[in-house]
Amino acid sequence: MRAALTWRDKAEQCIYDLAFKPDGTQLIIAAGNRLLVYDTSDGTLIQPLKGHKDTVYCVAYAKDGKRFASGSADKSVIIWTSKLEGILKYTHNDSIQCVSYNPVTHQLASCSSSDFGLWSPEQKSVSKHKSNSKITCCSWTNDGQYLALGMFNGIVSIRNKNGEEKVKIERPGGALSPVWSICWNPSSRWENFWNARASEEEEMEEEEDESIHNYIKEIPAIKSSMCSSQSSETEEEEHEEEESPRDTSLDEHNDILAVADWGQRLSFYQLSGKQIGKDRVLNFDPCCVSYFSKGEYILLGGSDKQVSLYTKDGVRLGTIGEQSTWVWTCKVKPDSNYVAVGCQDGTISFYQLIFSTVHGLYKDRYAYRDNMTDVIVQHLITEQKVRVKCRELVKKIAIYKNRLAIQLPERILIYELYSDDSSDMHYRVKEKIVKKFECNLLVVCSDHIILCQEKRLQCLSFSGVKEREWLMESLIRYIKVIGGPPGREGLLVGLKNGQQSTAVRCLDMSASRNKLAVVDENDTCLVYDIHTKELLFQEPNANSVAWNTQCEDMLCFSGGGYLNIKASNFPVHQQKLQGFVVGYNGSKIFCLHVFSMSAVEVPQSAPMYQYLERKMFKEAYQIACLGVTDTDWKELAMEALEGLEFETAKKAFTRVRELRYLELISSIEERKKRGESNNELFLADVYAYQGKFHEAAKLYKKSGHDNLALDMYTDLRMFDYAKDFLGSGDPKDTKMLITKQADWAKNINEPRAAVEMYISAGEHMKAIEISGDHGWVDMLIDIARKLDKAEREPLSKCAYYFKKLENHGYAAETYVKIGDLKALVQLHVETQRWEEAFALSEKHPEFKDDVYVPYAQWLAENDRFEEAQKAFHKAGRQSEAVKVLEQLTHNAVVESRFNDAAYYYWMLSMQCLDIAQANEQQKTEMLQKFHHFQHLAELYHVYHSIQRYTEEPFSFHLSETLFNISRFLLHNLTKETPLGISKVNTLFALAKQSKALGAYKLARHAYDKLQGLQIPARFQKSIELGSLTIRSKPFHDSEELVPLCYRCSTNNPLLNNLGNVCINCRQPFVFSASSYEVLHLVEFYLEEGITDEEAVALIDLEAPRLSKRENKWQEMTSENAQSLRLDDDTDIIEEDDPFTAKLSFEQGGSEFVPVVVNRAVLHSMSRRDVLIKRWPKPLRWQYYRSLLPDASITMCPSCFQMFHSEDYELLVLQHNCCPFCRRRIDESNQ
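Here is what the cut-offs are and how they apply
Residues numbered from 1 in each chain as written. Predicted model: local features only at pLDDT ≥ 70, side-chain atom pairs only at ≥ 80, totals over all residues. Heavy atoms only, no water. Helix = DSSP H or I, 4+ residues; strand = E, 2+ residues; numbered from the N terminus. Buried < 20%, exposed > 50% of the residue type's maximum accessible area, 1.4 Å probe, protein only. Contact = heavy atoms within 4.5 Å. Areas by Shrake-Rupley, 256 points an atom, 1.4 Å probe, with all protein chains shown as cover. Phe/Tyr/Trp six-rings, centres within 6.5 Å; stacked < 30°, edge-to-face > 60°. Lys NZ or Arg CZ within 6 Å of the ring centre and 35° of its normal. UniProt positions renumbered as here; feature names shortened; annotations may be inferred. pLDDT = per-residue confidence, 0-100. Lys, Arg positive; Asp, Glu negative; His and termini not counted. Salt bridge = Lys/Arg side-chain N within 4 Å of Asp/Glu carboxyl O. Polar contact = N/O pair within 3.5 Å; in protein donor to acceptor, adjacent residues only side chain to side chain. Pairing = 2+ DSSP bridges. Axes fitted to C-alpha atoms, helices over the stretch in contact; angles between N-to-C directions. Arc of directions from axis to C-beta. Patch = residues over 30% accessible without salt bridge, like charges linked within 9 Å, V, L, I, M, F, W, Y side chains within 5 Å. Core = buried A, V, L, I, M, F, W, Y, C linked by side-chain atoms within 4.5 Å. Parallel < 35°, antiparallel > 145°, perpendicular 65-115°, else oblique. Left-handed = near helix turned anticlockwise from the far one by under 90°. Expected span 1.5 Å × (residues − 1).

**What to know about the overall build of the protein chain**
Line of reasoning, step 1. Counting its regular elements, the protein chain contains 34 helices and 61 strands.
Line of reasoning, step 2. Classification of the 1230 residues of the protein chain by burial places 50% in the buried group.
Line of reasoning, step 3. Considering only intrachain contacts with a sequence separation of at least 6, the fraction spanning at least 24 residues in the protein chain is 46%.
Line of reasoning, step 4. Taken as a whole, the protein chain presents about 59,700 Å² of accessible surface, with 47% of it coming from carbon and sulfur.

Encoded structure:
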């Protein structure tokens, strides 16, 4: 046995399973999350099927070929039709491990890790059953009554069609040996084989004669060409005779279950759960087990990276294909010797198995090996067959008259026929030679066997006693028994050295033993006269030879794909034949081709031609069936076809496999069924097929089918004949003729002529394609301008070629002509004509994305990042906008453009807020980024002033502003210093401004800090001088500079370790975004349950307050004291203001206690006293109460930065926009 690779393909993912369509034409493969459908004939991928969202683990085809199913790790099963369309889908709770169709009811079993389901196409329902272990494999019995489930815990559970467990098989390895693959033998004809094998193991110790009868089972002869049917009937009869008490409910089933587990064992069980034989040790982890269609062999593959062939009882016969990775699945193509293999690395291999022939022949009896362990004896005349089961590898076979010898590895068995009847096929054991023999050839005679080993011939009696021995001068190549009296038979022996130092390959003697025919190593057939030893004649190209047993002067020899028949001294007559001639009896020649023996008739040509001359086609066909050459069959077929005897012609063409003429006959028969009866038209078709074109044209015209003649001439490129035939006919026919001539001109590389012909014939598409492929713009322009705008397809093709040939103006003109705006937009974008693209997108907003996204990419590629960012934002591409902004920000910092950096960071923060608002998954991350970028924007905004102060000769800020900015920045640089911000510059500005404003203590601190930093050379002298002169100043700060907390009225130190918060109440300071003075604002929070909308509504109510101006003494009460105050200033907020009461907090606390207000407090507030930062969601709004309402504060509606109103108005007048977010004053609030 050897395996030949037919085709191979490679998928990207592991092949977990595969299934053949029952007719064998298609192969369904589970690869990744797709199914791949292959044509098994050549490995062509027909179609990939997508339906699963995860890896497909299993696939199975229903036996009726109407549907197949696939199961996946996505927990779903999809039912597909044979037309590759998904029709139904259902799910399990876990990934699907295996699926299997009931061969009778087509019920689908689908198994997952925790349960299995039974889906019925009739009820459209899925009934599910729980499993206590992961199901790895499943298989239905042949009659569809029982389903076997293989479990991960080493148990095999056999269930009925309703899912109820009937038999439970516990493997000895348990959970350490997961059952990975199971399969029922598809043929019940092996039941008797297993019964016999079980009987043999039980009776091994009994007497020898008895064991022989148990070992060998006879098969009575039944007149049938199918040995499988004969065998199954015989075995059922024997089964009834040997029946033993068992479970009657399972008795009628002859199913055998093969079980392969990862304990590296192969076992077999009956349906009742009884194990047959012993475990077979595999020495690898099996991943797949499957039977051949008739159950004669088993395929196994797994961790040994190969597919192995085993007998039906688990005896290893050989390797089919070595692979580079684990074999996960292997199946046999139905009713064939082709095997498909799927591997871990995605390799799909398709092999053909070729089995060597072990056989023997004597006259009309032919014995040959079957299933490697059986011998079938075939009667070539009656077609009767009988099987002899040996249950071991059959090594040699010999047959002679009523004797049959079979050599097994450890013994030789000799059989004899029951009777002398020539048609008797009943064999029985005559003798058994229990001895191991090594021999090249084996021959059996009436009373002896002949063993050939190289040069030695040994003659043994049937009892095994050596009686004679011959030693030849050369190696023995051929041996044959040619008959004779019993015990004195004649042997023909061919030696390697032959007659002329050339080895003998084959030899035979004529019936009267007067002539000898020899085939030598040179493929020459030599015929000798035995008595005179004269060479009568010789013929070349021979591989075997045989004399006719009924005719002395007729022999045949085969070779070179031909059968040669020679009668007397006449010339050799040949006919095609594949194989070897092994016998010649009367009119029959016995020929062996591959594994089959066939009888070939001797040609009977002369009588057949006599019938043909008289047009007697049916009689000629009957004679031809007796045996004629291929040429005779063709002549018969042609004559019958011209005589319109289609049935005979069809049979004859079928014999010679002339598909072309068979198609013609089939089409004529179809037309006759439709009612056509014009024999002249039929004969015209026949003449056209035979190449008699002019005769055909005349018949076409005669029958009124001129168009058929025209089609024939044009298909044959006979345009001149076509024009002559057409004359001055229909213009439509002329146009068609021109089109075909243009096609021909194109094919013979005359494209310009073809274009002109196509245009004149109105075939614009073909003309455009040729012109475009050759780059003829002028011809394309002419065609495009001549075409009507309704002809969109050819105009679009013109535009495509204009664009391809870089004639964009003509392409645009063409697109405008057909009104294809989308294509016009794409053209403008590709050619970077942005103004035209923008104009189109303004008129047609649906093309906005098609314009702005590529425009933004183009801007970014050309280093115009700010414009690119706006374009991305306008196109709704937030992530690209953020990337561009981040790059812009980094560049601005590196280039010390801190004002721009602040602006970009603010824009980045707002982009993050937009993303957080749109994407719930990124909300937390984006809000963190929002607050971080807002903080950085404020730092770079203030540092811009410090940098200008330290780098430029003139300052544009007041000393107080620089002083406040330096303090604000220093308080924010306690943890880390952002890129580009210099602590030296900040401390230097603070020191100088502190000294100028009288904050000498703070100035000393700043100069001291500077001593510990690396100072640029340009500041060195100034700082050293300042450090000295500051020591002459008092060690205190001016009280005018000390910041006041508007919540608790506490004076805070200029240098605050807590940062920009009050040291007493921990209330964060609110700074002006221009002067960075502390604003008289206190932030407050809403009580739980109050929405922003409700709060604004309460504030807007403007509840009237009772003025106590007439009572200027005000009583104040706190927890620890009571006091009276003379209230002369009516501008100060009245003490009965509920908000003021909320400002109190617990003294000495280290944690910040926010001001939380209720509805009553909100109701008491005045709208002009409250500032609200109305952040978009998901942020909360921020509320601030002004404690000095008459001091006006302005808040930018875009960035929510606070300013003194007069400062903000001045800055807006200077810049025409907000200094922080650059919002122009003419823009509406966002």
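**A word on the packing of aromatic side chains**
Line of reasoning, step 1. Counted under the stated rule, the structure contains 30 aromatic pairs.
Line of reasoning, step 2. Summarising the aromatic geometry, the rings of Phe1069 and Phe1071 are spaced 6.3 Å apart at their centres and angled 85° between planes, so their arrangement reads as edge-to-face.
Line of reasoning, step 3. Residue classification places Phe1071 among the buried positions, given a relative accessible area of 13%.
Line of reasoning, step 4. Aromatic rings pair up to connect Tyr16, Tyr57, Phe152, Trp180, Trp262, Trp326 and Trp328 into one cluster.
Line of reasoning, step 5. The ring of Phe152 has Lys134 lying over it, and the distance from NZ or CZ to the ring centre is 5.8 Å.
Line of reasoning, step 6. Here the guanidinium or amino end of Lys333 rests over the ring plane of Tyr338, the centre of that ring lying 5.3 Å away.

**Some thoughts on the UniProt feature "repeat: WD" (unreviewed entry) in the protein chain**
Line of reasoning, step 1. According to UniProt, the "repeat: WD" (unreviewed entry) feature falls on residues 49-80.
Line of reasoning, step 2. Overall, residues 49-80 shows 0% helix and 59% strand. The separation of its end C-alpha atoms is 10 Å.

**A few points about the confidence of the model for the protein chain**
Line of reasoning, step 1. With 72% of its residues at a pLDDT of 70 or more, the protein chain shows a mean pLDDT of 78.
Line of reasoning, step 2. By mean pLDDT, the top-scoring element of the protein chain is strand β6 (residues 56-61) (96), and the lowest-scoring one is helix α3 (residues 227-241) (30).
Line of reasoning, step 3. The low-confidence segment residues 203-252 (pLDDT under 50) makes 82 contacts with residues lying over four places distant or belonging to another chain.

**As for unusual backbone geometry**
Line of reasoning, step 1. Cis geometry marks the peptide bond from Lys1177 to Pro1178; its omega dihedral reads 15°.
Line of reasoning, step 2. Relative to the elements of secondary structure, Pro1178 occurs in the loop between β58 (1170-1173) and β59 (1182-1186).
Line of reasoning, step 3. Here Lys401, not a glycine, exhibits a phi torsion of approximately 50°, which is positive.
Line of reasoning, step 4. Examined against the element boundaries, Lys401 turns out to sit in the loop between β33 (396-400) and β34 (403-408).
Line of reasoning, step 5. Under the relative-accessibility criterion, Lys401 is labelled partly exposed at 37%.
Line of reasoning, step 6. With phi around 65°, Phe1200 is a residue other than glycine that occupies positive phi space.
Line of reasoning, step 7. Note on placement: Phe1200 falls in the loop between β60 (1193-1195) and β61 (1202-1204).
Line of reasoning, step 8. Residue classification places Phe1200 among the buried residues on the basis of a relative accessible area of 8%.

**Some words on the side chain of Arg365**
Line of reasoning, step 1. You can see Arg365 is positioned in strand β30 (residues 365-370).
Line of reasoning, step 2. Within the buried set, Arg365 has no salt-bridge partner at all; the shortest N-O distance to an opposite charge, 4.8 Å, is to Asp364.
Line of reasoning, step 3. Among the polar contacts listed, one links the side chain of Arg365 to the backbone oxygen of Asp424, at a separation of 2.7 Å.
Line of reasoning, step 4. The contact partners of Arg365, leaving out residues within four places of it in the chain, are Gly360, Gln378, His379, Ile399, Lys401, Leu417, Asp421, Ser422, Ser423, Asp424, Met425 and Tyr427.

**Describing the sheet that holds strand β24 (residues 306-311)**
Line of reasoning, step 1. Across the sheet, four strands lie side by side as β22-β23-β24-β25; this open sheet has antiparallel pairing. Edge strands, defined here as strands with exactly one partner in the open sheet, are β22 (286-291) and β25 (316-322). Strand-to-strand twist across the sheet, computed as the mean angle between neighbouring axes with direction ignored, equals 20°.

**Examining helix α31 (residues 1092-1100)**
Line of reasoning, step 1. Every buried residue of α31 is listed here: Asp1092, Ala1095, Val1096, Leu1098 and Ile1099. Projection of α31 onto a plane perpendicular to its axis shows the buried side chains occupying an angular sector of 160°, all on one side.
Line of reasoning, step 2. On its buried face, α31 sits against β54 (1081-1086), α33 (1159-1164), β58 and β59.

**A look at the environment of Met597**
Line of reasoning, step 1. Along the chain, Met597 turns up in strand β53 (residues 596-601).
Line of reasoning, step 2. As a C-alpha pair, Met597 and Gln378 span 219 residues in sequence and 8.9 Å in three-dimensional space.
Line of reasoning, step 3. If we skip the residues at most four places from it in the chain, Met597 touches Leu361, Tyr366, Gln378, Leu380, Val582, Phe590, Cys591 and Leu592.

**Observations concerning the environment of Ile665**
Line of reasoning, step 1. Looking at the secondary structure, you find Ile665 in helix α9 (residues 659-673).
Line of reasoning, step 2. Residues Ile665 and Ala649, 16 residues apart in the sequence, show an inter-C-alpha distance of 8.1 Å.
Line of reasoning, step 3. Sequence-distant contacts of Ile665, that is, excluding residues within four places in its chain, are made with Leu641, Phe646, Ala649, Lys650 and Phe653.

**Points about a nonpolar patch on the surface**
Line of reasoning, step 1. On the surface, Tyr1085, Phe1152 and Val1156 cluster together to form a nonpolar patch covering roughly 220 Å² of accessible area.
Line of reasoning, step 2. Mapped onto the elements, Tyr1085 comes out in strand β54.
Line of reasoning, step 3. Overall, Tyr1085 belongs to the partly exposed group, its relative accessible area being 35%.

**A look at the nonpolar core**
Line of reasoning, step 1. Ranked by size, the top nonpolar core spans 64 residues in total, and within it Trp906, Tyr940, Leu969, Leu1081, Met1202 and Cys1218 carry the most contacts.
Line of reasoning, step 2. At 14 residues, the largest contribution of residues to this core is made by helix α25 (residues 898-918).
Line of reasoning, step 3. Met1202 has contacts with Val1070, Phe1071, Ser1072, Ala1073, Leu1079, Leu1081, Leu1171, Lys1173, Tyr1184, Ile1193, Thr1194 and Met1195, leaving out every residue within four places of it along the chain.
Line of reasoning, step 4. Core analysis: the second largest hydrophobic core is formed by 43 residues, Ile397, Tyr415, Tyr427 and Ile433 among them.

**Points about the packing of helix α8 (residues 646-656) against α9**
Line of reasoning, step 1. Contact geometry of α8 with α9 gives a least axis separation of 9 Å together with a crossing angle of 155°. Classified by the interaxial angle, the pair formed by α8 and α9 is roughly antiparallel. Considering the relative orientation of α8 and α9, their crossing is left-handed. Mapping the contact onto sequence places Phe646, Glu647, Ala649, Lys650, Phe653 and Thr654 in α8 and Tyr661, Leu662, Ile665, Ile668, Glu669 and Lys672 in α9.

**A look at the pattern of salt bridges**
Any two side chains of opposite charge can pair, so long as their charged atoms come close to each other.
Line of reasoning, step 1. In the structure shown here, the tally under the stated rule is 24 salt bridges.
Line of reasoning, step 2. Measuring nitrogen to oxygen at the nearest pair gives 3.5 Å for the salt bridge that ties Asp17 to Lys331. A residue pair is termed long-range when its members are at least 10 positions apart, and Asp17 in strand β2 (residues 15-20) and Lys331 in strand β26 (residues 327-332) qualify at 314 residues.
Line of reasoning, step 3. Take Asp17: its relative accessible area is 13%, and that puts it in the buried class.
Line of reasoning, step 4. Here Lys331 falls in the partly exposed class, since its relative accessible area comes to 26%.
Line of reasoning, step 5. Arg403 is paired through a salt bridge with Glu416; the nearest N and O atoms lie 3.4 Å apart. Residue Arg403 is located in strand β34, and its partner Glu416 is located in strand β35 (residues 411-417); the two are separated by 13 residues in the primary sequence.
Line of reasoning, step 6. A cluster of three or more residues bridged by salt bridges with shared partners is formed by Arg171, Asp261, Arg265 and Asp279.

**A closer look at helix α28 (residues 983-997)**
Line of reasoning, step 1. Helix length check: α28, at 15 residues, gives a terminal C-alpha distance of 21 Å against a target of 21 Å (1.5 Å per residue), a fit within 8%.
Line of reasoning, step 2. For α28, the buried fraction is high: eleven of the 15 residues fall into the buried class.
Line of reasoning, step 3. Taken together, the buried positions of α28 are Val984, Asn985, Thr986, Leu987, Phe988, Ala989, Leu990, Ala991, Gln993, Ser994 and Leu997.
Line of reasoning, step 4. The secondary structure elements touched by the buried residues of α28 are α26 (923-951), α27 (959-972), α29 (1000-1011) and α30 (1017-1029).
Line of reasoning, step 5. Put simply, Ser982 is the residue that caps the front of α28, since its side-chain oxygen is 3.3 Å from the backbone nitrogen of Val984.
Line of reasoning, step 6. Looking one or two residues past α28, Gly998 carries a phi angle of roughly 90°, positive in sign.

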